[in-house]
Each structure stands twice: as structure tokens, then as C-alpha cells.
Amino acid sequence: DPTQDDVYVFISNLYKELFELFPSDMVHLGGDEVPLDCWKKDPSIQEWMTKHNIPGEVELFELFEQKLLKIIAGKKAIVWQEVYDLGINISKDTIVDAWKDWGDDNTLFNATKAGYQVIVSSCLYLDHLSENWQTYYKCDPRALLNGTKAQEALILGGHASMWGEHVDAS
């Protein structure tokens, strides 16, 4: 519930501990597949939004993301592409993680045209069990972009993801 201050206290404490354990300059904040409709069904959230002049769930999500970015100040933030695609206000030094395009470079093109750095995971999902290892070595994140050389330079590379719900014994 992004309207509760305790949520941010918890998140601050969690990130503080994570930063002590994993002293990276970067942190992935997530932001994918957030079911914004659930906030429409919660009367206390709707009341809070009205009281604070938050017109919709995307704006509430933006408020949440802005608070996350303040919590991790000093680290380079990475967000899933939904944060960018929803038009949420993020600083230009935020890295956009493109996972949904699968051959359609809309987010890659638009984010790099807007000056954001991008990492690509769309062609590197290791839980696609029908693929063989050669498929992943053929993935060139920059080759997925149909843009300028300047845009191409903003693609940092890729990262592999594997989600447990799609993994079998093989």
C-alpha cells in the first residue's frame, strides 16, 4: 500500500541491509507487472488519493517510484520497462530494463531516443525451455534496435533472467 508511511520505513531498512550485503553501485527497483487496478478496489487508498489530489493509479505508482528513487539516492537505479512505458517521471540516469519487446523495439527505440540507457533482457530469458543455449549467444541487444548510432550507444548490454514458475527438472 503506497499510501502507508510504514511501507517506506520497511523499504528503507531493507535497502540499507541489502546495500551492506551487496555493495553495488546499481540497484534494480523492479516495477514490472504491478496490478494498478487493485488500488481502485481499496476504499482507503482511494480516499487517500482524493485527499492528496492524486488523480489516478499511474500517478500513485509514480509517487511510489519517486519515493523509492529517494530511498536509494547515491545508487544508479534500474527499472523494468513498464515504469518508463507508463510515462512515470524518472531521472535520465535511470536505466530502463527492456523485457517485453521480443523483436518489437518500441521501448528500446523510445527510451534511447529520450536519452535513457537501456539493458535488454527480452531475448535472454533462460526459462524459455524450448530454446537451446545457442539462441542466447545469438542475442545481440544492439541489433534489436532500429535507431541511430547515438541510440545504439545507450544500450549497455543485456542480462539473463530465469523465473522459477517456468523451470522444470531439466
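Further up the page is the structure itself.
The following refers to the structure shown. (Residues numbered from 1 in each chain as written. Predicted model: local features only at pLDDT ≥ 70, side-chain atom pairs only at ≥ 80, totals over all residues. Heavy atoms only, no water.)

### Brief notes about the nonpolar core
Judged by nonpolar contacts, the single largest core of 36 residues is most densely connected at Tyr 15, Leu 29, Leu 60, Phe 61, Ile 90, Leu 108 and Val 118. Going through the elements one at a time, helix H1 (5-21), helix H3 (43-51), helix H4 (57-71), strand E2 (76-80), helix H5 (81-85), strand E3 (95-98), helix H6 (106-113) and strand E4 (117-120) are the ones with two or more residues in this core. Of all the elements, H4 adds the most residues to this core, at five residues. If sequence neighbours within four positions are ignored, Leu 60 has contacts with Pro 2, Thr 3, Trp 39, Ile 45, Trp 48, Met 49 and Ile 54. (Core = buried A, V, L, I, M, F, W, Y, C linked by side-chain atoms within 4.5 Å. Buried < 20%, exposed > 50% of the residue type's maximum accessible area, 1.4 Å probe, protein only. Helix = DSSP H or I, 4+ residues; strand = E, 2+ residues; numbered from the N terminus. Contact = heavy atoms within 4.5 Å.)

### Some words on H6
Where H6 is concerned, the buried positions are Thr 107, Leu 108, Ala 111 and Thr 112. Each buried residue of H6 sits inside an arc of 115° when the element is viewed along its axis, so together they form one side. Residues of H6 that are buried sit in contact with H5, E3, E4, helix H8 (149-153) and strand E5 (155-158). Gly 115 occupies a position one or two residues after H6 and carries a positive phi of about 95°. (Arc of directions from axis to C-beta.)

### Thoughts on the packing of H1 against H4
H4 packs onto H1 with a crossing angle of 35° between their chain directions and a minimal axis gap of 10 Å. As H1 runs across H4, the sense of the crossing is right-handed. In this structure, H1 contributes Val 7, Tyr 8, Ile 11, Ser 12 and Tyr 15 to the contact, and H4 contributes Phe 64, Lys 67, Leu 68 and Ile 71. Grouping the amino acids of the contact of H1 with H4 by side-chain chemistry returns seven nonpolar, one polar and one charged. (Axes fitted to C-alpha atoms, helices over the stretch in contact; angles between N-to-C directions. Left-handed = near helix turned anticlockwise from the far one by under 90°. Nonpolar A, V, L, I, M, F, W, Y, C, P; charged D, E, K, R; others polar.)

From the geometry alone we can't say anything about function, so treat these as descriptive.
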